[in-house]
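# Close look at the chain arrangement
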Amino acid sequence: MATRRRTSTSESNKNTKLTILPDPESRFRRILMLVMLFAIVALPCLALYNAVYPLRFFHSSPRKNLAAANPSLDTEEVKLERVLKAASMKDKTVIITTLNEAWAAPYSIFDLFLESFKIGENTKGLLKHLVVIALDQKAYKRCLEVHPHCYALTVEGVDFSVEAYFMSKPYLKMMWSRIDILRVVLELGYNFLFTDADIMWFRDPFRRFYEDTDFQIATDNYALNDSYNMNNMPNGGFTYVKSNTRSIEFYKFWFMSRIKYKNKHDQSVLMLIKHDPFLEKIGLKIRFLNTLYFGGFCETSKDFNQVSTMHANCCFGLDTKIHDINIMLDDWRNYASSSPSLKSSWNSTWRVPQNCSIKNFDRDYRPKRLVQKGKKD
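Throughout, residues of each chain are indexed from 1 in the direction in which the sequence is written. Per-residue local features are limited, in this predicted model, to residues with pLDDT of at least 70; the limit for side-chain atom pairs, both in listing and counting, is 80 or more; totals at the level of whole chains, interfaces and linings are taken over all residues. With hydrogens and water set aside, each side-chain value is computed from the structure's full complement of heavy atoms.

Attention now moves to helix 4 (residues 76–87). Over its 12 residues, helix 4 runs 17 Å from end to end, which matches the ideal 16 Å to within 8%, given 1.5 Å per residue. Of the residues making up helix 4, those classed as buried are Glu 77, Val 78, Leu 80, Glu 81, Val 83, Leu 84 and Ala 87. Note on conventions: DSSP H or I runs of at least 4 residues are helices, E runs of at least 2 residues are strands, and numbering of each starts at the N terminus. The span expected for a helix works out to 1.5 Å for each residue beyond the first. The rule is simple: take the accessible area with a 1.4 Å probe, protein chains only, and divide by the maximum for that residue type; under 20% is buried, over 50% is exposed, in between is partly exposed.

As structure tokens, then:
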């Protein structure tokens, strides 16, 4: 017969684990210490993050959902997306330019820019897809007077209302603010064709773009005759970019690179990072645009029958640009008013650059009216 083992009370107590409940006050202290530790670590990181991405507030999914649920919540993101949506093509593509007061004034760069669309071949209709990002309130007010799709971008601590001289601090701030807002546009799901306002549009450029490319950009000189050659000299004033993960990551990388390469503008930094392994890692497809179609004062288009745009690049000074752009528009008007037979055999060349000639470059150039204003102050 099996015998049943008796377990004594003392043996039972030895096998019993004692559980001590934490003191509520001690538990609260631990939680408070964890919260304080998190704040000490997180707040400096957040400050650094905001310094790196000053326009990051545009891109916030919970906020976007809240805005969708409550249309009265007029956030900056909602304002921007409203303008983009109103100007968008069917495939969510927009044309974008930036503008400050100096370029927005009557008879200044912006008026000439709009005029080129009106006298170009099949370009007037593209104006309905143009979004103007105004960098100051006077530029925004002027835009609203002459164009339906305007967005006011305010960059804290910088006055963009006057002409930003090449490589000055306001100029650099303006260039990098432009890169950052374009990143935001990509994150909102829009493709864009960015164009400086001193680029004259004579034909629809979209028919000249490459289909299988994430990022395509104009060049100052297309001497290599190879759109894939990374040794081409890019010009950030004219870029066509498709919204996808690759392009978004690229614009983040480009913008952050300004910290590594201090006191350089976006185009100089692009020259330095275009060979970076990161671009190959994310699989970004880049191609460069031929100056035959996308010319400028650095290298003019050689064929009036092929040209799509002409850029007043390699030129410093507002008055200088305006002078040569007017001549360029007159050259185009002469061509456009000719008979089809004359156009087909057209062998005239652009009369520009003149005042914008490379040999006349003056990095310290200041328009007389601004010099006089400075003396009065």
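The description of two packed helices rests on the angle between their axes and on the distance between the axes. Lines fitted to the C-alpha atoms define the axes, with helices restricted to the stretch that makes contact. Angles between their N-to-C directions range from 0 to 180 degrees. It is at 9 Å that the axes of helix 9 (residues 245–260) and helix 10 (residues 266–273) come closest, and there the two elements cross at 110 degrees. Considering their axes alone, helix 9 and helix 10 lie roughly perpendicular with respect to each other. Between helix 9 and helix 10 lies a crossing of right-handed hand. Across from Phe 250, Phe 253, Trp 254 and Ser 257 in helix 9, the residues of helix 10 making contact are Asp 266, Val 269, Leu 270 and Ile 273. Here the residues of the contact of helix 9 with helix 10 sort into six nonpolar, one polar and one charged. Oblique is the label for any angle not under 35 degrees, not over 145, and not in the 65 to 115 range, which are roughly parallel, roughly antiparallel and roughly perpendicular in turn. A crossing counts as left-handed when the near helix is turned anticlockwise from the far one by less than a right angle, and as right-handed when that turn is clockwise. Contacts are residue-level and defined by heavy atoms, with any inter-residue pair within 4.5 Å sufficient. Charged residues are taken to be Asp, Glu, Lys and Arg, nonpolar residues to be Ala, Val, Leu, Ile, Met, Phe, Trp, Tyr, Cys and Pro, and polar residues to be all remaining types, Gly included.

A few words now on the nonpolar core. The set of buried Ala, Val, Leu, Ile, Met, Phe, Trp, Tyr and Cys residues whose side-chain atoms join them within 4.5 Å is what this entry labels a nonpolar core. With 50 residues, the main nonpolar core has Phe 113, Trp 201, Phe 238, Met 328 and Trp 350 as its most contacted residues. Residue assignment for this core shows that the elements contributing at least two residues are strand 1 (93–99), helix 5 (101–104), helix 6 (109–119), strand 2 (130–134), helix 7 (137–146), strand 5 (199–201), strand 7 (233–241) and helix 12 (318–336). Of the residues forming this core, the biggest block, eight residues, is contributed by helix 12. Dropping the residues within four chain positions of it, Met 328 is found in contact with Met 200, Phe 202, Phe 297, Met 310, Trp 350 and Val 352. Listed in part, the 43 residues of the second largest apolar core include Ala 87, Ile 181, Phe 250 and Leu 284.

Turning to helix 7, its buried residues are Ala 139, Arg 142 and Cys 143. Buried residues of helix 7 fall within an arc of 105 degrees about the axis and therefore sit on the same side. In helix 7, the exposed residues that point more than 90 degrees away from the buried face are Gln 137, Lys 138, Lys 141 and Glu 145. Along its buried surface, helix 7 packs onto strand 1, helix 5, helix 6, strand 2 and strand 3 (150–152). Arc, as used here, means the arc of the directions from the helix axis to the C-beta atoms.

As a further point, take unusual backbone geometry. Of note, the bond from Val 352 into Pro 353 is cis; its omega dihedral lies within 30 degrees of zero at 5 degrees. Its place among the elements puts Pro 353 in the loop between helix 13 (340–344) and helix 14 (368–376). Unlike most non-glycine residues, Cys 314 shows phi in positive territory, near 50 degrees. Tracing the chain through its elements places Cys 314 in the loop between strand 10 (309–311) and helix 12.

In this description, a disulfide is simply a cysteine sulfur pair whose atoms lie within 2.5 Å. Applying the stated rule across the entire model yields three disulfides. What pairs with Cys 143 in a disulfide is Cys 150, and their sulfur atoms sit 2.0 Å apart. Classification of the bridge connecting Cys 143 and Cys 150 rests on its S-S torsion, roughly -85 degrees, and on that basis the disulfide is left-handed. Once the disulfide-bonded cysteines of the protein are ranked by sequence position, their pairing pattern turns out to be 1-2, 3-4, 5-6.

Attention now moves to the sheet that holds strand 10. The criterion for strand pairing is that DSSP finds at least two bridges linking the strands in question. Spatially, three strands are ordered 5-10-9 in an open sheet, and the strand pairing comes out mixed. Two strands close off the open sheet at either side, each with one partner strand: strand 5 and strand 9 (294–296). When strand polarity is set aside, the average angle formed by the axes of neighbouring strands in this sheet is 25 degrees. The sheet contact formed by strand 5 and strand 10 spans three bridges and is antiparallel. Residue pairing for strand 10: Ile 199 is matched across the bridge by His 311.

In predicted models, pLDDT denotes the confidence assigned by the predictor to each residue on a 0 to 100 scale. With 71% of its residues at a pLDDT of 70 or more, the protein has an overall mean of 81. Counted against residues more than four places away or in other chains, residues 1–21, with its pLDDT under 50, gives two contacts. Low pLDDT, under 50, characterises residues 361–377; the predicted model gives this stretch 24 contacts beyond four residues in sequence or across chains.

Aromatic rings from Phe, Tyr and Trp, taking only the six-membered ring of Trp, are treated as a pair when their centres fall within 6.5 Å; an angle between ring planes under 30 degrees marks them as stacked, one over 60 as edge-to-face, and anything in between as tilted. Applying the stated rule across the entire model yields 26 aromatic pairs. Among the aromatic residues, those joined into a cluster by ring pairs are Phe 110, Phe 113, Phe 117, Trp 201, Phe 206, Phe 209, Phe 238, Tyr 240 and Phe 294. For a lysine, the NZ atom is tested; for an arginine, the CZ atom; a charge sits over a ring if that atom is within 6 Å of the ring centre and within 35 degrees of the ring normal. Lying across the ring of Tyr 210, Arg 287 places its NZ or CZ 3.5 Å from the centre.

The next subject is the pattern of salt bridges. Salt bridge, as used here: a side-chain nitrogen of Lys or Arg that lies within 4 Å of a carboxyl oxygen of Asp or Glu. Scanning the model with the defined rule gives 17 salt bridges in all. Across the salt bridge formed by Asp 198 and Lys 321, the nearest N and O atoms sit 2.7 Å from each other. Pair noted here: Asp 198 is in the loop between strand 4 (191–195) and strand 5 and Lys 321 is in helix 12, with a separation of 123 residues, a long-range link.

Right, let's get into the pairing of strand 7. Consecutive side chains along a regular strand alternate between the two faces of the sheet. Burial analysis of strand 7 places eight of its nine residues in the buried class, the great majority of the element. Summarising the sheet, strand 4 and strand 7 pair through four bridges and their orientation is antiparallel. Residue pairing in the sheet places Thr 195 in a bridge with Phe 238 of strand 7. Taken together, the six bridges between strand 6 (residues 215–221) and strand 7 define a ladder with antiparallel strand orientation. Its bridge partner lying in strand 7, Thr 219 is registered against Pro 234.

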